[in-house]
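Chain by chain, the residues run as shown.
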Amino acid sequence: MIKFSGKSVYKGIAVGPVAVLKNNDFQVKRAKAEDVEAEIARVEEAVEKSQEQLGQLYDKAVKEVGEASAAIFEVHQMMLEDDDYRDSICNMIRTEQVNAEYAVAVTGDNFSEIFAGMDDDYMKARAADIKDISNRLVRCLSGQENMDFETMEPSVIIAEDLSPSETVQMDKKKILAFVTVHGSTNSHTAILARMMNIPALIGVPMDLDEIHNGQTVIVDGLKSEVIFDPTEEERCEAEVKIQNEKEKLELLQTLKGKENVTLSGRKIHIYANIGSVSDVGYVLENDAGGIGLFRSEFLYLGKDDFPTEEEQFQAYKQVAQMIAGKKVIIRTLDIGADKQADYFNLGKEENPAMGYRAIRICLKQTDIFKAQLRALMRAAAFGNISVMYPMITSTEEVLQIFEIVKEAQKELDAMQVPYKVPEQGIMIETPAAVMISDELAELVDFFSIGTNDLTQYTLAIDRQNERLDDFYNPHHKAILKMIRMVTENAHKCGKWAGICGELGADLELTEEFLKMGLDELSVSPSMVLKVRKAVRESRVGVN
Ligand code: PEP
Ligand code: MG
C-alpha cells in the first residue's frame, strides 16, 4: 500500500484500476543516432502506424459527425505522405546523425512555421495540422500511444497534468476519477472534473514511472488522499464511504422539484454550468432551473479546425431544445490562457491570462465571432437562449460588440433564415468592469459575475499557478464588496445579476449572496441540489 496526499477539487470517492496517461507534452530530446538507416526505418514504421490510426479515426468520425468533418483525417493521411516533409526528416537524420523523434519534431516545427507565415488563410490553418501529424509520429516513435477509450474499462486516470482539451476529449463514462501530479484548483480541468461529478485530486507527488496500468487505487476526495494497492481493510472502508455518499445524494434527491426559496420567502434562480451538449443530461438529472453558463469554447477544443457555423447552430439548438424552454445562457468564445486550440495560432505569450484572449480575439477576428453570433441567433429561434460576452473591460467593447451583432443580423437577413436577437449580457470578471458596472448596466440586459477570473485579476494571482493556490482567496473582502457593488448597480438599472464562477457554489456564502440580493447562482450540476438545500434552510430575512 502506498498513500499520497493532494488537493481535492471534487469531494467524491472512487475505487478502481489505474490507467496512466503518459505526458502528451513531448519533451523530445536530441540524441546521436548510431545507425541512421535504422532510425529512418523507425520513421517508416511510425508513418505506417500513424496511417492506420488516422484511418480508424476517419471511420469513427464518419459515423459520429459525418463525412465533411471526418475529412480532416484524410488530409492528415495525405500530409504524412508528402515527399518534402518525409525527405526533410530523413535528410536531417542522415546529415545531423540525430534520432528519429528529434528529426520529426524539428521538421514539424519548421514546416509549421512556414505555413503559419503564409498569406493564404487556408494554408495558414495547415500549420496546426503539421504539428498534429508530427506529434502523432513522435508518439508512435516513443511508444506513447493515446488512451483507447473504446476498449478501456472504467478507470482512475493518473497523469502528470491534464489540459482542458485533453479532458474534454475523454469518454466520461470510462473515468472513475482523476489524479494528477500538477494542476491548480482553479483551472478549467478542475472545473471540468466538478462538472462531471468526478472525484479528483491534484498536486499529488507520485512518480508515474512507479505506477502501472491495472493497479488498484482508492481516490478519496474527502480526505484528499490517494491509496495505491490498498489493504482489504482500506478497501472496505472506502466501500462504506461510497455507500454513505450515495445515501447523502439520495437524500438530496427529495429536493428535486422543490423551489429555491428561503424560510422568509426570498427566491433565487439556481442554474447549472456546462461545457458540452452531453452535459445537459447532468443539468436535467440535478433539476437545475436552467443553464447559467454554457462555456461555448469547449466546442472549439480538441479539434483540428474551427467548428462551422452549422455545427455550432446544431449544438446550441440541441441544448435549447433539450432543456425545453428553460433559460440557456451561452457565453461566446472564451479561448486563450489555459484553453488552447492549435489552429487559432495564438502563439506564445508571456502572460496569456492577460493576453490576446476571449472577447479580444472576437473583436479582432470578427469572422470567427460573426460565425458564432449567426449560429447563436439562429438557435435562439428554437428556445430560450441568452448570450453573454466574456472578459469585458469597457463600454466601448460592448458598443463594438453590438455593431458586430448588427452585421451578423444583416448577414442572416440576406440568407433569409429564421433567427432571433437574444437577451444579451456580459460577464463581470475584471475589476474594470466592476468599477464601471453602473455604466455597463445601462447597456446590457444582465450581469453574470465570473468570480474565478475576478479573483485572479483582483488579487493579482494567476489561477493556473499551483504554487499560489493558498493565496487565491475568493472570500477576500475585496471580492465580496465587488459582488455587492455589481449587484446594486444592476438593480439600479432594473437589470438582474448572478454569479457563474465557482464561488456561486460555496455553501459558506449562500446566505451572504442572498443578503446581497443576487438573482441567480449558476453552479456545477452536482452542486445544484446542495445549494438549493442551503437556500431552503436560510433564515435570511426571518425576524
Ligand atoms: C469565471 O471566470 O468565473 C468564469 C465563470 O469563467 P471561466 O472559469 O470559464 O474563466
Ligand atoms: Mg472567466
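Preceding block: the structure.
This structure is a prediction, so every number in the text was calculated from the model and none was measured. (Residues numbered from 1 in each chain as written. Chains lettered and ligands numbered in written order. Predicted model: local features only at pLDDT ≥ 70, side-chain atom pairs only at ≥ 80, totals over all residues. Heavy atoms only, no water.)

Novice: Before we go on, may I ask you to explain the overall build of the chain in this structure?
Specialist: Regarding its fold elements, the chain presents 19 helices and 16 strands. Taken along its principal axes, the extent of the C-alpha atoms in the chain is 85 × 70 × 40 Å. Within the chain, residue pairs in contact and separated by at least 24 positions form 70% of the contacts whose partners lie at least 6 positions apart. Counting every atom, the chain has about 24,300 Å² of accessible surface; 50% of that belongs to carbon and sulfur. The average position of the 61 basic charges and that of the 91 acidic charges among the side chains of the chain differ by 8 Å. (Helix = DSSP H or I, 4+ residues; strand = E, 2+ residues; numbered from the N terminus. Contact = heavy atoms within 4.5 Å. Areas by Shrake-Rupley, 256 points an atom, 1.4 Å probe, with all protein chains shown as cover. Lys, Arg positive; Asp, Glu negative; His and termini not counted. Charge placed at Lys NZ, Arg CZ, Asp CG, Glu CD.)

Novice: Where do I start with the coordination of the magnesium ion (ligand 2) in this structure?
Specialist: Reference values for coordination geometry: four tetrahedral donors around a metal ideally subtend 109.5 degrees, six octahedral donors ideally subtend 90 or 180 degrees. Donor atoms from the polypeptide that coordinate the magnesium ion (ligand 2) comprise Glu 429 (OE) and Asp 453 (OD), at 2.0 to 2.2 Å from the metal. With Glu 429 in the loop between strand E13 (423-428) and helix H14 (431-435) and Asp 453 in helix H16 (residues 451-459), this residue pair connects regions lying 24 residues apart in the sequence. (Donors = N, O, S within 2.8 Å, 3.2 Å for Na, K, Ca; no water.)

Novice: Would you mind going over the site of ligand 1 with me for this structure?
Specialist: Ligand 1 sits among 16 residues. The nearest are His 188, Arg 295, Arg 331, Gly 450 and Asn 452. The separation between an oxygen atom of ligand 1 and a polar main-chain atom of Thr 451 is 3.1 Å. Burial of ligand 1 by the surrounding chains reaches 100%, relative to a free accessible area of 280 Å². Counting residues per element, the shell around ligand 1 draws most heavily on H16, at three residues. Across the shell around ligand 1, the residue classes tally to four nonpolar, five polar and seven charged. (Near = heavy atom within 4 Å. Polar contact = N/O pair within 3.5 Å; in protein donor to acceptor, adjacent residues only side chain to side chain. Nonpolar A, V, L, I, M, F, W, Y, C, P; charged D, E, K, R; others polar.)

Novice: I would appreciate a short explanation of the pattern of salt bridges in the present structure.
Specialist: Between side chains of opposite charge, a pair can form when the charged atoms approach closely. One pass over the structure, following the stated rule, counts 32 salt bridges. Here Glu 44 and Arg 86 are joined by a salt bridge, their closest N and O atoms 2.7 Å apart. Remark: Arg 86 occurs in helix H3 (residues 83-96) and Glu 44 occurs in helix H1 (residues 36-65); sequence separation between them is 42 residues. With relative accessibility at 32%, the residue Glu 44 sits in the partly exposed group. Since its relative accessible area comes to 16%, Arg 86 is described here as buried. Several salt bridges share partner residues, and in doing so they unite Glu 297, Arg 331, Asp 334, Lys 339, Arg 357, Asp 453 and Arg 463 into one network. (Salt bridge = Lys/Arg side-chain N within 4 Å of Asp/Glu carboxyl O. Buried < 20%, exposed > 50% of the residue type's maximum accessible area, 1.4 Å probe, protein only.)

Novice: So what exactly am I meant to see when it comes to the side chain of Thr 185 here?
Specialist: Its place among the elements puts Thr 185 in the loop between strand E5 (175-180) and helix H7 (188-195). Within polar-contact distance, the side chain of Thr 185 engages the side chain of Asp 469 at 3.3 Å. Beyond its immediate stretch of four places on either side in the chain, Thr 185 contacts Lys 7, Ser 8, Val 9, Ala 190, Arg 194, Ile 202 and Asp 469.

Novice: Can you help me understand the environment of Lys 63 in this one?
Specialist: Looking at the secondary structure, you find Lys 63 in helix H1. Distance in space between the C-alpha atoms of Lys 63 and Leu 518 is 45 Å, their sequence separation being 455 residues.

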